[in-house]
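The lines below spell out each chain.
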Amino acid sequence: MELFLIFLGAAFVNNFVLVRFLGICPFIGVSTKFETSIGMGLATTFVMVVASTVTWLIQHFILAPFGIEYLQTVAFILTIASLVQLVEMFLHKASPALYRALGIYLPLITTNCAILGMAVLLAQGSYNLGESIIFAIGAGVGFSLALIILAAIREELEFADIPKPLRGAAIAFIIAGILALAFKGFEGLV
Amino acid sequence: MENNANKRLLVVSPSPHVRDGDTTPKIMFSVVLALFPVIFASIYFFGLDALRILVISSVTAVAAEAACQSLRKKPVTIYDGSALVTGILLAFTLPPQIPSFAVVLGAIVAIVIGKQIFGGLGYNPFNPALVGRAFLSVSFANLMATWVSPFDAVTVATPLQLGSGVVPYAELFFGNIAGSLGETSALAILLGGVYLLYRGVLDYRICAGYLGTVFVLTLVLGHDPVYHLLAGSLLFGAIFMATDMVTSPVTPKGRWIFGIGAGLILVIIRLWAKAPEGVMYSILLMNMLTPLINRFTRPRIYGQGVKGNA
């Protein structure tokens, strides 16, 4: 039950994109196509889960025992960057189409603040390794969900008569704002 | 189109070929007609305040629609009644003591941000009236949570804040309770709902899925299901908000999913979240899932064995 609440909290109540406003760059950038958004969501979730494990180990077995927590940001970014490199090589081989579709946003997972934010939040919190992984899965699911929802809405609006200055990223930000309003309903749930 | 068609003996056009007589104005004005019992009930219980909010909200909504469309040099379609419906619906979700400036702001947000920005009627992903209300409830949280009793306008708690068993069912049913303008009288809402059902405007799947899920879930979880159906804005939301044709799924299966999902979210919010009421959030959250529901409930293409991608 405790683990389930951690998952719900990370995925809905404190959704990384719509409540914490982290990871906005890929949220707006990769949400134009439904299929791509699923790929991006999966890739980000994967990096989140592995990164949470590795950064938890680094935090509790290297940084904290030696009293060098000030190296946290550097260490975490290095970890995340190498993980993204791994995902990139894998996708390049396994699914070249998705690799091309994600384009610049794939290496940019490195600088996706949702992932670094998650690692830092976990380092500040008191979760054990298992709870951290559940939290990361929740965060990834929440990120993917927000991304997929926005992509589906944007695809539906492809032929809508949106005023010219508002087409593209502008309308995506407005939709995101309304989504964030709707997510306020989950406030206080966990 | 019609002029061209008259000239030719054989008209070749894509389906549908048989159309019924329903048009946007016809549907919208039948919704307005269905809202009349609720209008009378709100004015009866909350007096001039109800009239003030209704008039300001409707006039602002229609004016905002006209302003947007003429600014964009598009044909002005305020006579189709859709902006009027949005204005009335928004007014019914507001508390009786709300200041007029907030009503104006809410109606402008509902029409401009909720609808016109997306290209007008038919393209808005979210129910415009609920976008206006959501905006007001985060911007003016106190104003939006000041409830007064009917007739004498004394500040009191709503039945949902009081908990089940405090207010008798009869009061909940006839509407002599505190709450938003349009939500108090279950009787008036049901009258409107029956008319819409008779007119074929209302889709029973969404209503039945929504109300049924709330009833069954609260019963199973050991709460009072009748109280949960009658208190708050569930009935109003289920009949007039959730069934909005633009923002709910187009497939029959999708409509069941929409209703059941909204019921599930509502029960979760009412029982465990901070807000006492969750009808607005449950419908907005299902609105945002509507494109996904449509996508995954596509019917089989006629004559093909597998689900189509068209």
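Anyway, here's the lowdown on the structure attached to this text. (Residues numbered from 1 in each chain as written. Chains lettered and ligands numbered in written order. Predicted model: local features only at pLDDT ≥ 70, side-chain atom pairs only at ≥ 80, totals over all residues. Heavy atoms only, no water.)

When its secondary structure is counted, chain A shows eight helices and zero strands. Beginning at the N terminus, the succession of helices and strands in chain A can be written as α-α-α-α-α-α-α-α. For chain A, the C-alpha radius of gyration of 17 Å lies close to 16 Å, the compact-globule estimate for 190 residues. When the 190 residues of chain A are sorted by exposure, 49% land in the buried category. In chain A, once contacts between residues fewer than 6 apart in sequence are set aside, the share between residues at least 24 apart is 76%. Element-wise, carbon and sulfur atoms account for 71% of the exposed surface of chain A, whose accessible area totals about 8600 Å². With 8 positive and 10 negative side-chain charges, chain A shows a separation of 11 Å between the mean positions of the two kinds. (Helix = DSSP H or I, 4+ residues; strand = E, 2+ residues; numbered from the N terminus. Rg over C-alpha atoms; globule rule 2.2 N^0.38 Å. Buried < 20%, exposed > 50% of the residue type's maximum accessible area, 1.4 Å probe, protein only. Contact = heavy atoms within 4.5 Å. Areas by Shrake-Rupley, 256 points an atom, 1.4 Å probe, with all protein chains shown as cover. Lys, Arg positive; Asp, Glu negative; His and termini not counted. Charge placed at Lys NZ, Arg CZ, Asp CG, Glu CD.)

Counting its secondary structure elements, chain B contains 13 helices and zero strands. Along the chain direction, N to C, the helices and strands of chain B fall in the order α-α-α-α-α-α-α-α-α-α-α-α-α. For chain B, the C-alpha radius of gyration of 20 Å lies close to 19 Å, the compact-globule estimate for 310 residues. When its C-alpha atoms are laid out on the principal axes, chain B stretches across 70 × 45 × 35 Å. Out of the 310 residues belonging to chain B, those deemed buried represent 52%. For chain B, long-range pairs separated by at least 24 residues make up 72% of all intrachain contacts whose partners lie at least 6 apart in sequence. Summed over all atoms, the accessible surface of chain B reaches about 14200 Å², with 67% contributed by carbon and sulfur. Where the 20 positive side-chain charges of chain B centre and where its 13 negative ones centre are 16 Å apart.

What follows is about the nonpolar core. In this structure, Phe27(A), Leu179(A), Tyr210(B) and Phe240(B) are the most contacted members of the largest nonpolar core, which totals 134 residues. Per-element accounting of this core gives the leading share, 14 residues, to helix H2 (residues 24–71) of chain B. Ile58(A), Phe76(A), Ala119(A) and Ala123(A) belong to the second-largest nonpolar core, a separate cluster that totals six residues. (Core = buried A, V, L, I, M, F, W, Y, C linked by side-chain atoms within 4.5 Å.)

The next thing to look at is the pattern of salt bridges. Evaluation of the coordinates by the stated rule reveals ten salt bridges over all chains. Linking Asp203(B) and Arg255(B) is a salt bridge whose minimum nitrogen-to-oxygen distance equals 2.7 Å. Of this pair, Asp203(B) sits in the loop between helix H8 (186–199) and helix H9 (204–220) while Arg255(B) sits in helix H12 (residues 252–272), and the two are 52 residues apart along the sequence. Residue Asp203(B) shares its accessibility class with Arg255(B), and that shared class is buried. Salt bridges sharing common partners tie together Asp161(A), Arg72(B) and Lys74(B). (Salt bridge = Lys/Arg side-chain N within 4 Å of Asp/Glu carboxyl O.)

Mapping Thr60(B) onto the fold places it in helix H2. Setting aside chain neighbours within four positions, we find Thr60(B) in contact with Val104(B), Ala107(B) and Ile108(B).

For the rest of this paragraph, the subject is helix H6 (residues 113–124) of chain A. Residue and element names in this part refer to chain A. For H6, with twelve residues, the first-to-last C-alpha span of 16 Å sits near the 16 Å given by 1.5 Å per residue. Among the residues of H6, Ala-114, Ile-115, Gly-117, Met-118, Ala-119, Leu-122 and Ala-123 are the ones counted as buried. Structurally, H6 contributes buried residues whose contacts are with helix H3 (34–66), helix H4 (72–94) and helix H7 (129–156). One side-chain oxygen of the residue at the start of H6 lies 2.9 Å from the amide nitrogen of Ala-114, identifying that residue as Asn-112. (Expected span 1.5 Å × (residues − 1). Polar contact = N/O pair within 3.5 Å; in protein donor to acceptor, adjacent residues only side chain to side chain.)

Interaxial distance between helix H8 (residues 169–183) of chain A and helix H13 (residues 279–296) of chain B falls to 8 Å at its minimum, and their mutual angle equals 140°. Comparing the axis directions of H8(A) and H13(B) gives the class oblique. Regarding H8(A) and H13(B), the two cross each other, and that crossing is left-handed. Side by side, H8(A) and H13(B) meet where Leu179(A), Leu181(A), Ala182(A) and Phe183(A) of the first sit next to Tyr281(B), Leu284(B), Leu285(B) and Met288(B) of the second. For the contact of H8(A) with H13(B), a count of residues per class yields eight nonpolar, no polar and no charged. (Axes fitted to C-alpha atoms, helices over the stretch in contact; angles between N-to-C directions. Parallel < 35°, antiparallel > 145°, perpendicular 65-115°, else oblique. Left-handed = near helix turned anticlockwise from the far one by under 90°. Nonpolar A, V, L, I, M, F, W, Y, C, P; charged D, E, K, R; others polar.)

On the chain A side, the residues contacting the 29 residues of chain B number 29 residues. Buried surface at the junction of chain B and chain A, summed over both partners, amounts to about 2600 Å²; 75% is from carbon and sulfur atoms. The tally of links between chain B and chain A comes to four salt bridges. For Asp161(A), the salt bridge is made with Arg72(B), and the minimal N-O distance between the two is 3.2 Å. Where chain B touches chain A, the interface holds four residue pairs in polar contact (both at pLDDT 80 or more). Breaking the side of chain B that touches chain A down by element, the ones donating at least two residues are helix H5 (128–139), H12 and H13 of chain B. Here the side of chain B that touches chain A takes ten residues from H13(B), the largest share from any one element. Counted by class, the side of chain B that touches chain A contains 22 nonpolar, three polar and four charged residues. (Buried area = accessible area lost by both parts, 1.4 Å probe.)

Looking now at the environment of Ser82(B). Residues and elements named next belong to chain B. The topology assignment puts Ser-82 in helix H3 (residues 82–92). In sequence terms Ser-82 and Glu-65 are 17 residues apart; their C-alpha atoms lie 9.5 Å from each other. Beyond its immediate stretch of four places on either side in the chain, Ser-82 contacts Met-28, Glu-65, Lys-115 and Leu-121.

Turning to H3(A), a few remarks are in order. For H3(A), which comprises 33 residues, the first-to-last C-alpha distance of 46 Å matches the rise-based estimate of 48 Å (1.5 Å per residue) to within 8%. Considering bend angle alone, the principal kink of H3(A) is centred on Gln59(A) and spans about 40°. (Bend = angle between axes of the 7 residues up to and from the residue.)

The next thing to look at is the packing of aromatic side chains. Taken as a whole and judged by the stated rule, the model has 15 aromatic pairs over all chains. Taking the centre distance of 6.2 Å and the plane angle of 80° together, the rings of Tyr204(B) and Trp256(B) count as edge-to-face. Taken together, the residues Tyr204(B) in helix H9 and Trp256(B) in helix H12 connect sequence positions 52 residues apart. Given a relative accessible area of 45%, Tyr204(B) falls into the partly exposed group. Ring pairing ties together the aromatic residues Phe12(A), Phe183(A) and Phe186(A), which thus form one cluster. Geometry around Phe16(A) places Arg20(A) over its ring, the cationic atom sitting 5.2 Å from the centre. Across from the ring centre of Phe34(A), 3.8 Å away, lies the NZ or CZ of Arg295(B), which sits over that ring. (Phe/Tyr/Trp six-rings, centres within 6.5 Å; stacked < 30°, edge-to-face > 60°. Lys NZ or Arg CZ within 6 Å of the ring centre and 35° of its normal.)

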